[in-house]
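One letter stands for each residue in the lines below.
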Amino acid sequence: MLLSGSDQHRLRIAILDDHPVITLGVAAYLRSQPDFDIVHVETTSEGLLQGLKRQPCDIAIVDFYLPRQPWDGMDFIRCLRRRHPDMAVITFSAGTPAETEYAAFRAGATGYLPKSASLPTLVEVIRAARAHRRRGFITYADGALRTTPPRHPDTRLTTAEIEVLRQIAQGLSVTQVAARLLRSKKTISTHKRRSMKKLGLSDDLALALYLNEKFAHKAGP
Amino acid sequence: MPHIDTLLPLYPDAAGRSAMLQEALAQVHADLSGMGSAIEAGDYLLARQLTHRAKGTACFLGTADMLRAFDALTDALRARDPVRVGVAYAPVRQGLLELEHILLQRLRAR
């Protein structure tokens, strides 16, 4: 559990990224900080969960997209929040996707940083996450840290509907989305149908055009 | 300055630096060949996943200059348009080859 900012507590940090070279690089850089302890360096979401069970951490730096793993995205952040409510979760993802940032925020992440940001910025975000853990969502834009929540990508949709559309925008079928989000096909179909109704989209072509407009450049792979 | 130049001074011993550079080279090489194979096979879903992975590697080790090229390739793969994919893949491939070259230079410079 985090202690107050003025204590001598060393920050225990866990790192998850499916790129081994990124986990190695981030770990090497963070180890150079005098008050950081790098406790877990993992390339799988399951490995991180098991590691945290053995030894909890104060901060987890987590890749958002882990395409070939059973857990990723909002579900994984929610799982971390549920199992480790006192741990700050910082999402670390390629690019600056507006929808991903919002999805991470709604799932309970403490902050979001693009992988294109410099390593010193990651240290700043970690320190800000400690300071603002319960008082805002930390993002990095235009060279500065911000603690304002990200903008909702489309106020007509629920978070669950956005997550389903994000997955569909990545090219997954309803069956694949259901398997990925551990929901039934019926639930995913319902989210898709309700989204389309709210957005006034009559068929899959209209949905494809919407997804292309809303998620192109913004929603990960 | 590529981000790899921020990382390397953190490895005081030659063996550690060499291991990091070799891991990075292997990753970039794997990203490049995986994307090329998936595109050639017309497996655009896999190609998108690998493009996202390669984008992460390139941003983390190199510079943010390649972001636009990766986004253009992602859009082309999403549109499943082979002509656009071919056009968009060229600068991404070139950027990754340049990153490979930088990593090789750092490896030889030790």
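Given the structure is predicted, the values throughout are model-derived calculations rather than measurements. (Residues numbered from 1 in each chain as written. Chains lettered and ligands numbered in written order. Predicted model: local features only at pLDDT ≥ 70, side-chain atom pairs only at ≥ 80, totals over all residues.)

Engineer: Just to check I follow, could you spell out the environment of aspartate 43 of chain B for this structure?
Structural biologist: All names here are of chain B. Within the secondary structure, aspartate 43 sits in the loop between helix 2 (14-41) and helix 3 (44-61). Residue aspartate 43 is classed as partly exposed on the basis of its 14 C-beta neighbours within 10 Å. Aspartate 43 sits 34 residues away from leucine 77 along the chain, and the two C-alpha atoms are 9.3 Å apart. (Helix = DSSP H or I, 4+ residues; strand = E, 2+ residues; numbered from the N terminus. Buried ≥ 20, exposed ≤ 12 C-beta atoms within 10 Å, placed from the backbone.)

Engineer: Could you clarify how one ought to interpret the confidence of the model for chain B in this entry?
Structural biologist: Predicted coordinates in regions of low pLDDT should not be interpreted in detail. Residues and elements named next belong to chain B. Considering every residue of chain B, the mean pLDDT works out to 86; 95% of them sit at 70 or more. When mean pLDDT is compared element by element in chain B, helix 5 (residues 82-109) scores highest at 92, while helix 1 (residues 4-7) scores lowest at 78. ipTM for the predicted complex: 0.76, alongside a pTM of 0.74. (pLDDT = per-residue confidence, 0-100.)

Engineer: Would you mind going over helix 8 (residues 185-199) of chain A with me for this structure?
Structural biologist: Because each turn of an α-helix spans 3.6 residues, side chains separated by three or four positions in sequence point in the same direction. Residue and element names in this part refer to chain A. Under the 1.5 Å per step criterion, the end-to-end length of helix 8 is 21 Å for 15 residues, consistent within 8% with the ideal 21 Å. Taken residue by residue, helix 8 has Ile188, His191, Lys192 and Ser195 as its buried positions. Each buried residue of helix 8 lies within a common arc of 95° when the element is viewed along its axis, so the set occupies one face. Of the residues in helix 8, the exposed ones pointing more than 90 degrees away from the buried face are Lys186, Arg193 and Lys197. Directly after helix 8, the chain includes glycine 200, whose backbone phi takes a positive value near 70°. (Expected span 1.5 Å × (residues − 1). Arc of directions from axis to C-beta.)

Engineer: Help me understand the domain arrangement of chain A in this model?
Structural biologist: By a widely used convention, the size of an interface equals the accessible area lost when the partners come together. Residue and element names in this part refer to chain A. The assigned domain composition of chain A is domain 1 (11-146) and domain 2 (159-215). The distance between the C-alpha centroids of domain 1 and domain 2 comes to 26 Å. At the junction of the two partners, domain 1 supplies six residues and domain 2 supplies seven residues. Those elements that provide at least two residues to the side of domain 1 that touches domain 2 are helix 3 (73-83) and helix 4 (98-107). Looking at the side of domain 1 that touches domain 2 residue by residue, the class counts come to two nonpolar, one polar and three charged. (Domains from an automatic or database assignment. Contact = placed C-beta atoms within 7 Å. Nonpolar A, V, L, I, M, F, W, Y, C, P; charged D, E, K, R; others polar.)

Engineer: Looking at this structure, how should I read the interface of chain B and chain A?
Structural biologist: Contacts between the two partners involve 27 residues from chain B, matched on the other side by 24 residues from chain A. Every element with two or more residues in the side of chain B that touches chain A is listed here: helix 1, helix 2, helix 3 and helix 4 (67-79) of chain B. Examining the composition of the side of chain B that touches chain A, we find that 12 residues originate from one element, helix 3 of chain B, more than from any other. Counted by class, the side of chain B that touches chain A contains 11 nonpolar, nine polar and seven charged residues.

Engineer: Any chance you could explain helix 2 of chain B here in plain terms?
Structural biologist: Residues and elements named next belong to chain B. Spanning 28 residues, helix 2 covers 40 Å between terminal C-alpha atoms, matching the ideal 40 Å at 1.5 Å per step. Buried within helix 2 we find Met20, Leu21, Ala24, Gln27, Val28, Asp31, Leu32, Met35 and Ile39. Looking one or two residues beyond helix 2, the residue adopting positive phi is glycine 42, at roughly 75°.

Engineer: Explanation requested: the nonpolar core in the structure shown.
Structural biologist: If you look at soluble globular proteins, the nonpolar side chains tend to sit buried side by side. In this structure, Ile13, Ile59, Ala60, Ile61, Ile77, Val89 and Ile90 of chain A are the most contacted members of the largest nonpolar core, which totals 89 residues. Among the elements that make up this core, the one with the highest residue count is helix 3 of chain B (nine residues). In terms of domain composition, this core takes at least three residues from each of domain 1 (11-146) and domain 2 (159-215) of chain A. Apart from residues no more than four positions distant in its own chain, valine 89 of chain A is found in contact with Ala60, Val62, Ile77, Leu80, Arg81, Gly108, Ala109 and Thr110 of chain A. (Core = buried A, V, L, I, M, F, W, Y, C linked by C-beta atoms within 7 Å.)

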